[in-house]
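Each chain, written out:
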Amino acid sequence: MRGVLASAVSIVVTAAFATILVAVAIWPGEAKLTAPLFCSAPTTEPMVVSDTFYDSEGRSINYTLYCVSERGVLTDEGFALPMLALLGAHVLILTALVVLGALIGLAGRRPDSADEQVERLRDS
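Residues numbered from 1 in each chain as written. Predicted model: local features only at pLDDT ≥ 70, side-chain atom pairs only at ≥ 80, totals over all residues. Heavy atoms only, no water.

A word on the side chain of S69
Step number 1: Among the structural elements, S69 can be located in the loop between β2 (58-68) and β3 (74-78).
Step number 2: With near-sequence residues (within four places) excluded, S69 lies in contact with P42 and T43. (Helix = DSSP H or I, 4+ residues; strand = E, 2+ residues; numbered from the N terminus. Contact = heavy atoms within 4.5 Å.)

Spelled out as structure tokens, the structure:
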């Protein structure tokens, strides 16, 4: 049970770092992938806009997911909910990879014969 909990925490922490790294530093447009969850008719075209602000503490960048219609009507979906949706997707992907790796590892082991199991019990 302890190993499962440690694996689950590791997966969530790794997914959080991956989400922050990918969705903020490498490819902010990844938030467009969440458009089917947040953009409804008539505003179905996703756009991620970055706003850069300069103040006394330096430069800061905000990303926002907008849903735009053909006529230019837009809705502001923010970035927090798309970011949480991406975190959930990254958790699912990492969980699938960990489970797949565990299954491949188990499949690579050869089962012990009955004689080897009896000998182990005698030794212990």
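A look at the packing of aromatic side chains
Step number 1: One pass over the structure, following the stated rule, counts 1 aromatic pair.
Step number 2: When the centroid spacing of 5.9 Å and the interplanar angle of 40° are considered together, the rings of Y63 and F79 count as tilted. One end of the pair, Y63, is in strand β2; the other, F79, is in the loop between β3 and α3 (80-108), with 16 residues separating them in the sequence. Residues Y63 and F79 agree in their burial class; the two are buried. (Phe/Tyr/Trp six-rings, centres within 6.5 Å; stacked < 30°, edge-to-face > 60°. Buried < 20%, exposed > 50% of the residue type's maximum accessible area, 1.4 Å probe, protein only.)

As for the nonpolar core
Step number 1: Judged by nonpolar contacts, A23, A31, Y63, F79, M83 and L86 together constitute the single largest core of 6 residues.
Step number 2: Among residues more than four places away in sequence, those in contact with L86 are T19, A23, E30, A31 and T34. (Core = buried A, V, L, I, M, F, W, Y, C linked by side-chain atoms within 4.5 Å.)

Details of the pairing of β2
Step number 1: Note: strand β1 (residues 45-55) against β2, 11 bridges, orientation antiparallel. Each residue of the ladder has a partner; that of P46, found in β2, is C67.
Step number 2: Where β1 hands over to β2, the hairpin turn is made up of 2 residues, counted between the paired strands.
Step number 3: Across 4 bridges, the pairing between β2 and β3 is antiparallel. (Pairing = 2+ DSSP bridges.)

Details of the sheet that holds β3
Step number 1: Pairing within the open sheet is antiparallel, and its 3 strands lie in the order β1-β2-β3. Only two strands of the sheet have a single neighbouring strand rather than two, namely β1 and β3. Taken pair by pair, the neighbouring strands of this sheet meet at an average axis angle of 35°, ignoring direction. (Axes fitted to C-alpha atoms, helices over the stretch in contact; angles between N-to-C directions.)

Regarding helix α1 (residues 2-26)
Step number 1: Helix length check: α1, at 25 residues, gives a terminal C-alpha distance of 34 Å against a target of 36 Å (1.5 Å per residue), a fit within 8%.
Step number 2: Those residues of α1 hidden inside the fold are in contact with α3. (Expected span 1.5 Å × (residues − 1).)

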